[in-house]
Amino acid sequence: MVTNPKELIVIGRAEVLSFPEIGIHDVHARIDTGAQTSAIWVSSAQIVNGRLEVVLLGKGHAGYTGNKIIFEDYSRAMVASSNGQAEARFKVKILVKLAGKKIRATFTLADRSTQVYPVLVGRNILRGKFVVDVKQGTSLREIEKTRSAKLQALLAESGE
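What counts and what doesn't
Residues numbered from 1 in each chain as written. Predicted model: local features only at pLDDT ≥ 70, side-chain atom pairs only at ≥ 80, totals over all residues. Heavy atoms only, no water. Salt bridge = Lys/Arg side-chain N within 4 Å of Asp/Glu carboxyl O. Helix = DSSP H or I, 4+ residues; strand = E, 2+ residues; numbered from the N terminus. Buried < 20%, exposed > 50% of the residue type's maximum accessible area, 1.4 Å probe, protein only. Polar contact = N/O pair within 3.5 Å; in protein donor to acceptor, adjacent residues only side chain to side chain. Contact = heavy atoms within 4.5 Å.

Summed over the entire model, instances satisfying the criterion amount to five salt bridges. Residue Glu-21 pairs with Arg-104 through a salt bridge whose shortest N-O separation is 2.7 Å. Taken together, the positions of Glu-21 in the loop between strand S2 (14–19) and strand S3 (24–31) and Arg-104 in strand S9 (residues 101–110) put the pair 83 residues apart, joining distant regions of the chain. By relative accessible area, Arg-104 is classed as partly exposed at 46%. Measuring nitrogen to oxygen at the nearest pair gives 3.0 Å for the salt bridge that ties Arg-30 to Asp-32. On the basis of relative accessibility, which here comes to 17%, the residue Asp-32 falls in the buried class.

Now for the side chain of Ser-38. Examined against the element boundaries, Ser-38 turns out to sit in strand S4 (residues 38–48). Of note is the side chain of Ser-38, whose polar atom sits 2.9 Å from the backbone nitrogen of Gly-122. Not counting the four nearest positions on each side in its chain, Ser-38 is found in contact with Thr-106, Phe-107, Thr-108, Leu-120, Val-121, Gly-122, Asn-124 and Ile-125.

Here's what the structure looks like:
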């Protein structure tokens, strides 16, 4: 673990990252210091002949290829989301490049189709490598504002 804070890389509340080994580049990610494990949007996941076949991202995302990625090594875990719901998810190790640093990290595979950011970076990647300054980063402000407005409209419609 890095003990000298000067050795930590400063990142913002949202960053652009890549998964070089699987050919996915320039993906926006939300940095979440409250999340233990990182997550990536998976639109399809199934076990075929003992191997996990996944399609990452979704048809609405610019980085979506529809290509199947095969993981020989995977596991399952129960994960509690931010709203307290527990769900079983696959876990895989993927090489990620964030702020110029390459890290092999565990990601859970989740349906993030309703989220602004297709990737969530949790403490398993941040610890000992990065410090987060929420004033910095590459956030998707307009998409965040639009989503927030839609959620507020739903609340108004419900009469609460």
